[in-house]
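Fold and geometry: a report
Spelled out from the first residue to the last, the chains are:
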Amino acid sequence: MSSSSIPIGFAVGSGAAAVALVGLLRRRPSPASPNAPRRLGQASAAIAASVLADSALEHYRGSFANKAMYAPLLVSTAAIAASMAPMFQTSDSPSRARRLAFGAALLAGAAGTGFHAYNVIKRPGGLSLRTLFYGAPIGAPAALGLVGLFGLVGERLRGRGAAAGRSLGRMMARLSAVGLLGGAAEAGLLHFRGAFQNPLMVLPLTAPPAAAALLLVADSGPKSRLRARRALSAAAVIGLAGSFFHALGVARMMGGWRNWSQNLLAGPPLPAPPSFAGLALAGLAAIDMLDHG
């Protein structure tokens, strides 16, 4: 593996995230366009871009020893395209092609979670803190599965407006809460491995779980939903800021960014924190459904 080679998937994932952001800023939805499908599309795009860049870096570091390691790159790229397509279209109707892309993401996420769990268990010592520290991260493929779920729900909602009802909103709130808790657990594991050298490393362990807890009771009234919205916004900001702090972590390594081809692979993962922003967007979509259900 050449140290001067560019991790292509990381470049594509970062570029897709940038294009998605431009699309979100430029798009002006019509008053008749419901918020929930749009936000679910944003959530799927953000999480899929994070998964694409993160899995590209990790699988590149593993030299793509197993050809199946290319699958999340292809599937997450398709999910990004499916999530972004409605942002540039005037119609708000569901699409079979998008459903297929999201279905593939759901299946790939489930299979990847199984493979990563097997990778951890088969290591010497079995399931332990050490194997969880250095084995394949279970959270990454699980996030890809959530991309598929969020995308499929968004497709179901397109053209239906508020007809989905509160039951689907409650289900989405639970899924988003589980995602936030899972992301916080993985961040806590890796930050524990890093000995919490920076006090700010506790933020992913506090804000996302608090947002998840508030999201689970968001159906109890307007005030509860308002508190959940604020907590989700805070979790999204922390997720976006996390990449900045991870970039500082890369800069502090030997050679800093001048040695980016090595330090980007060995340092804290830049693409991982923004997934909190995507999960927060999915939570906001759930609150939209509860508001109008």
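Check the entry above for the structure.
Below is a summary of the structure that appears in this document. This one's a predicted model, so the numbers in the text were calculated from it and none came from an experiment.

Notes on the overall build of the protein chain
- Of regular secondary structure, the protein chain possesses eleven helices and zero strands.
- Helices (α) and strands (β) of the protein chain occur, in sequence order from the N terminus, as α-α-α-α-α-α-α-α-α-α-α.
- Taken over 293 residues, the protein chain has a buried fraction of 46%.
- Across the protein chain, the fraction of contacts at a sequence separation of at least 24, relative to all contacts at a separation of at least 6, is 74%.
- Entry remark: accessible area of the protein chain is about 14200 Å², with carbon and sulfur atoms responsible for 67%.

Notes on the environment of leucine 107
- Positionally, leucine 107 belongs in helix α4 (residues 96-121).
- Judged by relative accessible area, which is 64%, leucine 107 ranks as exposed.
- Along the chain, leucine 107 and glycine 148 lie 41 residues apart, while their C-alpha atoms are 8.1 Å from each other.

Quick look at unusual backbone geometry
- Even without a glycine there, the phi angle at serine 63 is positive, about 60°.
- Turning to its location among the elements, serine 63 is positioned in the loop between α2 (35-61) and α3 (71-84).
- Positive phi, close to 45°, is recorded for phenylalanine 196, a residue that is not glycine.

Examining the packing of aromatic side chains
- Evaluated as defined, the whole model comprises two aromatic pairs.
- Ring geometry for phenylalanine 64 and tyrosine 70: centres 4.3 Å apart, planes at 10°, overall stacked.

Some thoughts on the pattern of salt bridges
- Summed over the entire model, instances satisfying the criterion amount to seven salt bridges.
- One salt bridge in this structure joins glutamate 155 and arginine 98, with 2.8 Å as the shortest N-O distance. Highlighted residues: glutamate 155 in helix α6 (residues 139-157) and arginine 98 in helix α4, separated in sequence by 57 residues. Considered together, glutamate 155 and arginine 98 belong to a single accessibility category, that of buried residues.

Quick notes on the side chain of serine 275
- Relative to the helices and strands, serine 275 resides in helix α11 (residues 275-292).
- What makes serine 275 buried here is its relative accessible area of 19%.
- Side-chain polar atoms of serine 275 contact the backbone oxygen of alanine 272, separated by 2.8 Å.
- The residues touching serine 275, leaving out its near neighbours within four places in the chain, are Ile47 and Ser50.

What to know about the nonpolar core
- Grouped together as the largest cluster of nonpolar side chains are 58 residues, with contacts concentrated most on Leu40, Phe150 and Leu232.
- Considering every element that reaches this core, the biggest residue donor is α2, with twelve residues.
- With residues near it in sequence (within four places) discarded, leucine 232 still touches Leu180, Ala211, Leu215, Ala280, Gly283, Leu284 and Ile287.

Focus: helix α7 (residues 166-193)
- Helix length check: α7, at 28 residues, gives a terminal C-alpha distance of 41 Å against a target of 40 Å (1.5 Å per residue), a fit within 8%.
- Along α7, the residues classified as buried are Leu168, Gly169, Met172, Ala173, Ser176, Ala177, Gly179, Leu180, Ala184, Ala187, Gly188 and His191.
- Check the buried side of α7 and you find it contacts α2, α6, α8 (203-216), α9 (222-251) and α11.
- Backbone geometry just after α7 places alanine 195 at a positive phi near 60°.

Focus: a nonpolar patch on the surface
- Judged by side-chain polarity, Leu200, Val202, Leu203, Phe244, Phe245 and Leu248 come together as a nonpolar surface patch covering roughly 490 Å² of accessible area.
- With three residues, α9 is the single largest residue contributor to the nonpolar patch.
- Inspection of the secondary structure puts leucine 203 in helix α8.
- For leucine 203, a relative accessible area of 34% corresponds to the partly exposed category.

Notes on the packing of α4 against α6
- Closest axis-to-axis distance for the α4/α6 pair is 7 Å, and the angle between their directions is 155°. Compared by their axis directions, α4 and α6 come out roughly antiparallel. Of the two elements, α4 crosses α6, and the hand of that crossing is left-handed. Of the residues in α6, those touching α4 at Arg98, Arg99, Phe102, Gly103, Ala105, Leu106, Ala108, Gly109, Gly112, Thr113 and His116 are Pro141, Ala142, Leu144, Gly145, Val147, Gly148, Leu149, Gly151, Leu152 and Glu155.
- Its residues assigned to classes, the contact of α4 with α6 comprises ten nonpolar, eight polar and three charged.

Reading guide: rules and limits
Residues numbered from 1 in each chain as written. Predicted model: local features only at pLDDT ≥ 70, side-chain atom pairs only at ≥ 80, totals over all residues. Heavy atoms only, no water. Helix = DSSP H or I, 4+ residues; strand = E, 2+ residues; numbered from the N terminus. Buried < 20%, exposed > 50% of the residue type's maximum accessible area, 1.4 Å probe, protein only. Contact = heavy atoms within 4.5 Å. Areas by Shrake-Rupley, 256 points an atom, 1.4 Å probe, with all protein chains shown as cover. Phe/Tyr/Trp six-rings, centres within 6.5 Å; stacked < 30°, edge-to-face > 60°. Salt bridge = Lys/Arg side-chain N within 4 Å of Asp/Glu carboxyl O. Polar contact = N/O pair within 3.5 Å; in protein donor to acceptor, adjacent residues only side chain to side chain. Core = buried A, V, L, I, M, F, W, Y, C linked by side-chain atoms within 4.5 Å. Expected span 1.5 Å × (residues − 1). Patch = residues over 30% accessible without salt bridge, like charges linked within 9 Å, V, L, I, M, F, W, Y side chains within 5 Å. Axes fitted to C-alpha atoms, helices over the stretch in contact; angles between N-to-C directions. Parallel < 35°, antiparallel > 145°, perpendicular 65-115°, else oblique. Left-handed = near helix turned anticlockwise from the far one by under 90°. Nonpolar A, V, L, I, M, F, W, Y, C, P; charged D, E, K, R; others polar.

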